[in-house]
Amino acid sequence: MKSLSTINRRFFIKGTGVAALVGTATLTGCAEQVGSEPQQIDNETITPYEKVNFDAGYNRVGTNSVKFDMIKMFNPDNQLDVGMGIADMDFRTLPQVTSALKKRLETENWGYELPPLDYSKNIVAWNKRRYDADVPQGNILNSVGVLDGVLSTLKAFGKDGDRVLLLTPNYSSFFATIHQANMYEAESEMIRNDDGRYVVDWDDFEAQISTGIKLYILCNPQNPTGNCWTADELRRMGDICNAHDCLVIADEIHCDFVTNGNKYVAYASLGDKYAQNSISYKSTSKSFNLASHRTGYMFSHNRSYIDKVLKGGHQRLLLNIMGMIASNEALKHGDDYIDEQNLYLTENAKYVEKFCADRIPIIKYQVQEGTYLAWLDCRELSEKLDVETKASELNIYNKANNVTATDFFGVTSIKTYTGGSYLKKWMLDNARIDINPGENYGKGGDGFMRMNLATNRATLLKAMENIEIAINNI
Ligand SMILES: Cc1ncc(COP(=O)(O)O)c(C=O)c1O
């Protein structure tokens, strides 16, 4: 069965007629099926276009989800109304992805298998079509998610004990990845403007690189601040890095998420001198909620950089076939899905901005430029709750009473709190939501919380109302 877009989108729409575009039936409560029966055109059966209903959300409780089930597993005595921690989404994925995976399941043989033959072509096409960015097809490498590629690069280009520069606040797992590479983070704390946007402290950025740092991880758009870096900002970073032979490791996993018509600029599209001294990392995992497939890709316009990563031991020619099929379908058919999702997520962000301003002004928040992650300024709330004192009181109590916690790997230790993790606990105990403490994101994160907005509006409203009740009860 061929998919809609490989045949002829215009033909299909003409064939279904206006009435079909209204759409009535819902599938598993999560999608509107536009068009009733499969169409027979030129001996091809075409699946009716299914528009995903983001407002329906997706119930993930009981699916082994990290966001809901893992949090509940570690906090069995708590009621969890809304998981808003880890960066994935509570939406149905692109229906074409599911169809293609179901079709593959029908072949009951799982021997060695090539990736879909048009996969790299579709990676190139997606980046060109959506961002006018050229990806050199022959220089694409697979990776088991994005961090796998970043780790391989650190190991190939650096050595034990090297320092890796991060603009902070920055994605928490970069710190772990840098440590896995036996390296250390160097943090250049950004400056927060009055409008909530973060800007680079250029003097500090350059001073740090001048000390001999050769590896810089760029996060574009930036998790957790939401910055969509402008071309000027990226060029300035690139010029400093190039002048000091510092490699730009451009993690652009969040590129498909922009709010309010903001723009993502691909770092490698800025010109040859930037492209030649960088490696870029992407995947469909955030964009289409495919993170469990562990499928990503990386590329560089500089062939010697790709060879260096390969020589460093990064051999991922064959990934799990289901992840590659899923990614391929998403790249082929996902444009409308991403556009509609961005509109939905922008409205979510605006909703939370207004809610905070009108009903819980103790928390400050401005809609971010990119990503679906809200960076909430909870400094006033932290002060009101006196989180530092509360955390140290709890630590004394837990030590005296041998109150322990067991982590995911089964390691048990005395349960300890910081100001940020106390605030996280407070949110779970009092607002029944799980969100991440800003201190996990490095310098500049204290007193902030990162809240994942990628859920349906009704769930978001529930979370916000829960916070409002909790704050009113202080
Ligand atoms: C900036 C950034 N990079 C990488 C990742 C993780 O990517 P993966 O699961 O593909 O390794 C995330 C997930 O939240 C992220 O926000």
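In this report, the structure presented in the accompanying data block is examined. (Residues numbered from 1 in each chain as written. Predicted model: local features only at pLDDT ≥ 70, side-chain atom pairs only at ≥ 80, totals over all residues.)

### Section: the overall build of the protein chain
- Within the protein chain, the regular secondary structure consists of 17 helices and 21 strands.
- Considering the protein chain as a whole, with its 474 residues, one finds that 43% of them fall into the buried category.
- Long-range pairs, those at least 24 residues apart, make up 68% of the contacts in the protein chain with a sequence separation of at least 6. (Helix = DSSP H or I, 4+ residues; strand = E, 2+ residues; numbered from the N terminus. Buried ≥ 20, exposed ≤ 12 C-beta atoms within 10 Å, placed from the backbone. Contact = placed C-beta atoms within 7 Å.)

### Comments concerning the site of the ligand
- Close to the ligand lie 14 residues; Ala87, Gly145, Val146, Leu147 and Asn223 are nearest.
- Among the residues forming the shell around the ligand, the class breakdown is seven nonpolar, six polar and one charged. (Near = placed C-beta within 6 Å. Nonpolar A, V, L, I, M, F, W, Y, C, P; charged D, E, K, R; others polar.)

### Points about the nonpolar core
- By size, the foremost hydrophobic cluster in this structure holds 107 residues, and its most contacted members are Tyr216, Ile217, Leu218, Ile249, Ala374, Leu376 and Leu453.
- No fewer than three residues from each of domain 2 (66-91 + 336-472) and domain 3 (119-334) sit in this core.
- Beyond its immediate sequence surroundings of up to four residues, Tyr216 is in contact with Leu165, Cys241, Cys246, Leu247, Val248 and Ile249. (Core = buried A, V, L, I, M, F, W, Y, C linked by C-beta atoms within 7 Å. Domains from an automatic or database assignment.)

### Notes on helix 13 (residues 335-359)
- Given a rise of 1.5 Å per residue, 25 residues ought to cover 36 Å, and the 36 Å separating the end C-alpha atoms of helix 13 matches this to within 8%.
- Residues of helix 13 that are buried: Tyr337, Gln341, Asn342, Leu345, Thr346, Asn348, Ala349, Val352 and Cys356.
- Against the buried residues of helix 13 lie strand 5 (50-52), strand 16 (373-377) and helix 17 (457-472). (Expected span 1.5 Å × (residues − 1).)

### Side note on the sheet that holds strand 20 (residues 436-437)
- Ordered by their spatial adjacency, three strands build an open sheet running 16-21-20, and the pairing between neighbours is antiparallel. Looking along the sheet, the strands with just one partner apiece sit at the ends: strand 16 and strand 20.
- Alignment of strand 20 against strand 21 (residues 448-452), held across two bridges, turns out to be antiparallel. The partner of Asn436 across the bridge, within strand 21, is Arg450. (Pairing = 2+ DSSP bridges.)

### Notes on the environment of Glu439
- Locating Glu439 in the fold gives a position in the loop between strand 20 and strand 21.
- Residue Glu439 is classed as buried on the basis of its 21 C-beta neighbours within 10 Å.
- For the pair Glu439 and Gly420, spaced 19 residues apart in sequence, the C-alpha to C-alpha distance is 6.1 Å.
- Excluding residues within four positions of it along the chain, Glu439 makes contact with Thr418, Gly420, Gly445 and Asp446.

### Looking at the sheet that holds strand 8 (residues 163-168)
- What the seven strands build is an open sheet, ordered 7-15-14-13-12-8-9; its pairing is mixed. Looking at strand neighbours, the two that pair on one side only are strand 7 (140-143) and strand 9 (184-189), the edges of this open sheet. On average, each strand axis in the sheet is tilted by 25 degrees relative to the strand beside it, whichever way the strands run.
- As paired elements, strand 12 (residues 215-219) and strand 13 (residues 247-251) share five bridges and run parallel to each other. Looking at strand 13, one finds that Cys219 is bridged to Asp251. (Axes fitted to C-alpha atoms, helices over the stretch in contact; angles between N-to-C directions.)

### Remarks on the packing of helix 6 (residues 146-157) against helix 11 (residues 303-311)
- In the contact formed by helix 6 and helix 11, the axes pass within 8 Å of each other and the chain directions differ by 95 degrees. Relative to helix 11, helix 6 is oriented roughly perpendicular. From helix 6, Ser152, Thr153, Ala156 and Phe157 reach across to helix 11, where they touch Lys308, Val309 and Lys311.
- Within the contact of helix 6 with helix 11, the residues separate by chemical class into three nonpolar, two polar and two charged. (Parallel < 35°, antiparallel > 145°, perpendicular 65-115°, else oblique.)

### Some points on the packing of helix 8 (residues 202-210) against helix 9 (residues 231-243)
- In contact at an axis separation of 10 Å, helix 8 and helix 9 are set at 25 degrees when each is read in the N-to-C sense. In this view, helix 8 runs roughly parallel relative to helix 9, as classed from their interaxial angle. The chirality of how helix 8 crosses helix 9 is right-handed. Residues Trp202, Phe205, Glu206 and Ile209 of helix 8 form the contact with helix 9, whose participating residues are Arg236, Ile240 and Cys241.
- Residue composition of the contact of helix 8 with helix 9, grouped by class: five nonpolar, no polar and two charged. (Left-handed = near helix turned anticlockwise from the far one by under 90°.)

### Here we look at helix 7 (residues 172-180)
- Burial in helix 7 covers these residues: Phe174, Thr177 and Ile178. The buried residues of helix 7 occupy an angular sector of 100 degrees when projected down its axis, which confines them to one face.
- Residues of helix 7 that are buried make contact with helix 6, strand 8, strand 9 and strand 12.
- At the C-terminal side of helix 7, Asn182 shows a positive phi close to 65 degrees. (Arc of directions from axis to C-beta.)

### A few points about unusual backbone geometry
- The amide bond that connects Asn220 to the next residue, Pro221, takes the cis arrangement and shows omega of -10 degrees.
- Along the chain, Pro221 falls in the loop between strand 12 and helix 9.
- Going from Asn223 to Pro224, the amide bond is cis rather than trans, its omega being 15 degrees.
- Note on placement: Pro224 falls in the loop between strand 12 and helix 9.
- Look at Asn289: it is not a glycine, yet its phi comes out positive at around 60 degrees.
- Given 21 C-beta atoms within 10 Å, Asn289 falls into the buried group.

### As for the pairing of strand 15 (residues 296-299)
- Side chains Gly296 and Met298 project from strand 15 onto one buried face, and the interleaved Tyr297 and Phe299 project onto a second face that is buried too.
- As paired strands, strand 7 and strand 15 are joined by four bridges and run antiparallel to one another. Residue Ser143 lies in a different strand from strand 15, and its bridge partner there is Gly296.
- Sheet topology note: the strand 14 (residues 278-283)/strand 15 ladder contains four bridges and is antiparallel. Counted as the bridge partner of Tyr281 is Met298 from strand 15.

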